[in-house]
Amino acid sequence: MKVAIVGASGYVGAELTILLARHPAITGMHLLVSEFSDAKGIRFSQLYPRWQSTSRFSEQRLQAFNGDWLATFGSELDVVFMATPHEYSQQWASAFLEQGVKVIDLSGAFRLNLAEDYPTYYGFEHHYPQLLEQAVYGLAEFNYQQITDANLIAVPGCYPTASLLASKPVTNANLQQPDTHIIVNGISGVSGAGRKASLNSSFNEVSLTAYNVLQHRHQPEISQQCGHSVIFNPHLAPFKRGLMATVTIHCHEQVKTDDVQQAFAKAYSPVTTPLVRVTQQWPKIDDVTYTPFANLHWQYDEDKRILVVSCVIDNLLKGAASQAVQCFNLAMQQPPGAALFDQGVMA
Ligand SMILES: NC(=O)C1=CN([C@@H]2O[C@H](COP(=O)(O)OP(=O)(O)OC[C@H]3O[C@@H](n4cnc5c(N)ncnc54)[C@H](OP(=O)(O)O)[C@@H]3O)[C@@H](O)[C@H]2O)C=CC1
Ligand SMILES: CC(=O)N[C@@H](CCC(=O)OP(=O)(O)O)C(=O)O
């Protein structure tokens, strides 16, 4: 199969380049950047020397992407991965779909159901409401059937991935008290903000802080996918990679510890969902960085009917690139662990 990665110079695109190079079914890969990118024409390994001589496509040059490129090379592609800004993904996805290319988009351009939410949460008008209807949400552990049949896959955001892995077993089993909010406290490393320089993500400026409280674009995404009202408090922390979401859920009066146990056992098992591990202790970010795994642990107070679930992921892998590869494997009828793990161990 032949694939392209648009945004291959960015953090997420670079992780994808390395993961997909390990994929046995991929025979060709185009690495693309924006038309006026500083990275245009240079080799991937010059930008990311860590991968020099270690990966199949790392000596390839980054090419400028535009309409001419698409007209010349689009028809030879099976799948395009868009690791680009939201507005840019929104603008280009339909052109790939028209050429018969499956689109796996890692931005937020196709994650929300309603076009009218885009100006509020993303700051632009959405011009493709029909694609919002068509897009399948790529949370692989829950939407595997729809992903298998999809042409346009919206890979979840990093915070929503950890938040939903923690909360969906509970909301799918209807254990939550209806007239309450699910409260999500999220903490992300700085790579969550992407590679581009900005004052807020510069080394001397970052110190643990809440940000975008009550207005972050991931709040409607989490709420839409778990079907319950959510309060989302994101925090930025001074480490490079990794993300934790700790979720507090008020359960209804019939809920016992056994019900919670059964809800998580139904959602996750080492055989059917090997990338999600329910652990015996509270998970740490270092348990999962540089891996495609999500680790989670929960505790329930039967008297107060309060359930707390904490989930950790690598924001660039399970929160983006490796989850996109899970979607690729489902959509292209590949083994679920291809390029990701072999019997539970990183490939
Ligand atoms: N970082 C994270 O933890 C996560 C990020 N995401 C999403 O993934 C996407 C990529 O994020 P990330 O890698 O962090 O961001 P980066 O800023 O690191 O990379 C962005 C990439 O997009 C390219 N790009 C920018 N503008 C254009 C354009 N007009 N045309 C074509 N390419 C363009 C850049 O290339 P160049 O500037 O060289 O042209 C670069 O390769 C974003 O939508 C982000 O929201 C999703 C989940 C997690
Ligand atoms: C630390 C940090 O800045 N994180 C990013 C989230 C990155 C991500 O996963 O989200 P999208 O794909 O929705 O952009 C933020 O809060 O905007």
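Residues numbered from 1 in each chain as written. Chains lettered and ligands numbered in written order. Predicted model: local features only at pLDDT ≥ 70, side-chain atom pairs only at ≥ 80, totals over all residues. Heavy atoms only, no water.

### A word on the packing of helix H8 (residues 158-172) against helix H9 (residues 218-226)
(1) Moving on: At their nearest, the axes of H8 and H9 sit 9 Å apart, and the two run at 25° to each other. As judged from the angle between their axes, H8 and H9 are roughly parallel. Between H8 and H9 the crossing geometry is right-handed. On H9, the residues touching Cys158, Tyr159, Pro160, Ser163, Leu164, Ser167, Lys168 and Thr171 of H8 are His218, Glu221, Ile222, Gln225 and Cys226.
(2) Moving on: Of the residues in the contact of H8 with H9, the class split is six nonpolar, five polar and two charged. (Axes fitted to C-alpha atoms, helices over the stretch in contact; angles between N-to-C directions. Helix = DSSP H or I, 4+ residues; strand = E, 2+ residues; numbered from the N terminus. Parallel < 35°, antiparallel > 145°, perpendicular 65-115°, else oblique. Left-handed = near helix turned anticlockwise from the far one by under 90°. Contact = heavy atoms within 4.5 Å. Nonpolar A, V, L, I, M, F, W, Y, C, P; charged D, E, K, R; others polar.)

### Focus: the domain arrangement of the protein
(1) Moving on: Partitioning the protein into domains gives domain 1 (2-155 + 320-346) and domain 2 (158-313).
(2) Moving on: Of note, the centres of domain 1 and domain 2, computed from C-alpha atoms alone, are 24 Å apart.
(3) Moving on: Each partner contributes to the interface: domain 1 provides 24 residues, whereas domain 2 provides 30 residues.
(4) Moving on: Both sides together, the interface formed by domain 1 and domain 2 hides about 2300 Å², and carbon and sulfur atoms give 63% of it.
(5) Moving on: On the domain 1 side of the interface with domain 2, the three residues burying the most area are Tyr11, Tyr121 and Phe142, jointly 26% of the side's total.
(6) Moving on: In this structure, the connection of domain 1 to domain 2 is made through two salt bridges.
(7) Moving on: Glu15 is paired through a salt bridge with Arg241; the nearest N and O atoms lie 2.9 Å apart.
(8) Moving on: Counting every contact that joins domain 1 to domain 2 gives eight residue pairs in polar contact (both at pLDDT 80 or more).
(9) Moving on: Only helix H1 (11-21), helix H5 (117-122) and helix H11 (321-331) provide two or more residues apiece to the side of domain 1 that touches domain 2.
(10) Moving on: The element contributing the most residues to the side of domain 1 that touches domain 2 is H11, with three residues.
(11) Moving on: In terms of residue class, the side of domain 1 that touches domain 2 is built from 12 nonpolar, eight polar and four charged. (Domains from an automatic or database assignment. Buried area = accessible area lost by both parts, 1.4 Å probe. Salt bridge = Lys/Arg side-chain N within 4 Å of Asp/Glu carboxyl O. Polar contact = N/O pair within 3.5 Å; in protein donor to acceptor, adjacent residues only side chain to side chain.)

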